[in-house]
Amino acid sequence: EEKSGMIGKWLKKHLHLYVAATRHNFVLSIRDGSVDLSNFKKWLAQDYIFVREFVPFVASVMIKASKTSDDKNDMEAILGGLTSLNDEIDWFKQEASKWSIPLSGTIVHKANENYCMFLSSLMLPEVEYAVAITAFWAIEAVYQESFAHCLEEDNKVSQELQETCKRWGNEKFGHYCRSLQNIANRCLEKAPDHVCARAEVAFQRVLEHEVEFWNMSHEGV
Ligand code: HMH
């Protein structure tokens, strides 16, 4: 089987799932301005918890890159990701204070906990770099694609949510996601079939967890 551009092939193959993750009702409601602000606040509080758990995962990808990657640029791309997470954590704190959300009192939702457990499983040293970097790309790409869609033509995003959309929907974040995609494609091209198969499953699991994560915003804790 031809392996170049594996990610592009998987996006086509699992398009229904990718669309479910990137065109979720919650995201569409942000785009059309109809979002229930209590749902938005619920998402914000849960995502702050997620992002804090995401940092050690990204660090674990960094360690795998330093041990196995043959390309020095990988480390710089991943380091850029860690830098943006540092800004993100500050932003979540500011945003929480703007909306009067007490972040320290947040009860972790089951879907969030499940997603974080999945991240932990990918941090194990036996998980191949190609698998981990594919999952990393997918996690970032879902937010990029979702929030970039919110900012496309004819959007009715309210003034107060513009900044949220720009955080992940901006062109620089898009460029960063494409760098991760290129890294993943390069790793998958060289990986044996059984590793590619595991990366494809990880990609699907990320999309499923992302759908569950969006679902949380309109459910109780
Ligand atoms: C649930 N997925 C979730 N939260 C995020 N902040 C991202 C992806 C992107 O960083």
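Residues numbered from 1 in each chain as written. Predicted model: local features only at pLDDT ≥ 70, side-chain atom pairs only at ≥ 80, totals over all residues. Heavy atoms only, no water.

Peer 1: I keep staring at the pattern of salt bridges and nothing clicks. Help me out?
Peer 2: When the charged atoms of two side chains with opposite charge come close together, those side chains can pair. Taken as a whole and assessed by the stated rule, the structure comprises eight salt bridges. A salt bridge links E128 to R198; the nearest nitrogen and oxygen atoms lie 2.5 Å apart. Residue E128 is found in the loop between α6 (110-122) and α7 (129-151), and its partner R198 is found in helix α10 (residues 193-216); the two are separated by 70 residues along the sequence. For E128, a relative accessible area of 23% gives the class partly exposed. We classify R198 as partly exposed; its relative accessible area is 40%. E208 is paired through a salt bridge with R205; the nearest N and O atoms lie 2.9 Å apart. One end of the pair is E208 and the other is R205, both in helix α10 and three residues apart, which spans about a single turn. Overall, E208 belongs to the partly exposed group, its relative accessible area being 32%. (Salt bridge = Lys/Arg side-chain N within 4 Å of Asp/Glu carboxyl O. Helix = DSSP H or I, 4+ residues; strand = E, 2+ residues; numbered from the N terminus. Buried < 20%, exposed > 50% of the residue type's maximum accessible area, 1.4 Å probe, protein only.)

Peer 1: Just checking my understanding: could you explain the site of the ligand for this structure?
Peer 2: Every residue close to the ligand is listed here: D47, F50, V51, F54, E88, Y115, I139, E140, Y143, W168, E210 and F213. In this structure, a nitrogen atom belonging to the ligand sits 2.6 Å away from a side-chain N or O atom of D47. The separation between a nitrogen atom of the ligand and a polar side-chain atom of Y143 is 3.2 Å. Here the ligand is seated within the largest cavity. Counting residues per element, the shell around the ligand draws most heavily on helix α4 (residues 37-68), which supplies four residues. Among the residues forming the shell around the ligand, the class breakdown is eight nonpolar, no polar and four charged. (Near = heavy atom within 4 Å. Polar contact = N/O pair within 3.5 Å; in protein donor to acceptor, adjacent residues only side chain to side chain. 1 Å grid on protein atoms, 1.4 Å probe; cavity = no way out; pocket = protein on both sides within 12 Å on 5 of 7 lines; lining within 4 Å. Sits in = over half its atoms within 2 Å of the grid points. Nonpolar A, V, L, I, M, F, W, Y, C, P; charged D, E, K, R; others polar.)

Peer 1: Sorry, what's going on with empty space enclosed by the protein here?
Peer 2: Unfilled space is identified by rolling a water-sized probe across the atoms. Counted by the stated rule, this structure contains one cavity of 30 Å³ or more. Taken together, D47, F50, V51, F54, L85, E88, I139, E140, Y143, W168 and E210 make up the full set of residues lining the largest cavity. Considering each element in turn, the lining of the largest cavity owes the most residues, four residues, to α4. For the lining of the largest cavity, the residue count by class is seven nonpolar, no polar and four charged. (Points joined across faces, edges and corners; volume = space filled by probe spheres on them.)

Peer 1: Is there a simple way to explain helix α9 (residues 171-190) in this structure?
Peer 2: Here α9 spans 29 Å end to end across 20 residues, near enough to the 28 Å set by a 1.5 Å rise per residue. Of the positions making up α9, those classed as buried are F173, G174, Y176, C177, L180, I183, A184, N185, C187 and L188. Packed against the buried residues of α9 are α1 (6-13), α5 (72-98), α7, α8 (159-169) and α10. Its side-chain oxygen at 2.8 Å from the backbone nitrogen of K172, N170 defines the N-terminal cap of α9. (Expected span 1.5 Å × (residues − 1). Contact = heavy atoms within 4.5 Å.)

Peer 1: Can you walk me through the packing of α7 against α9 in this structure?
Peer 2: Helix-helix packing: each pair is described by the crossing angle between the helix axes and the interaxial distance. The geometry of α7 relative to α9 is characterised by a closest axis approach of 9 Å and an angle of 155° between their N-to-C directions. As the angle between them shows, α7 and α9 are arranged roughly antiparallel. The hand of the α7/α9 crossing is left-handed. Facing Y129, A130, I133, T134, F136, W137, E140, A141 and Q144 of α7, the residues of α9 in contact are F173, G174, Y176, C177, L180, Q181, I183, A184, C187 and L188. Classifying every residue of the contact of α7 with α9 gives 14 nonpolar, four polar and one charged. (Axes fitted to C-alpha atoms, helices over the stretch in contact; angles between N-to-C directions. Parallel < 35°, antiparallel > 145°, perpendicular 65-115°, else oblique. Left-handed = near helix turned anticlockwise from the far one by under 90°.)

Peer 1: It is not clear to me how the state of the cysteines should be interpreted in this structure. Could you clarify?
Peer 2: Here a disulfide denotes a covalent bond joining the sulfur atom of one cysteine to the sulfur atom of another. Taken as a whole and judged by the stated rule, the model has zero disulfides. Free of any disulfide, C187 has its nearest neighbouring cysteine sulfur in C196, separated by 10.0 Å. Take C187: its relative accessible area is 9%, and that puts it in the buried class. (Disulfide = S-S within 2.5 Å.)

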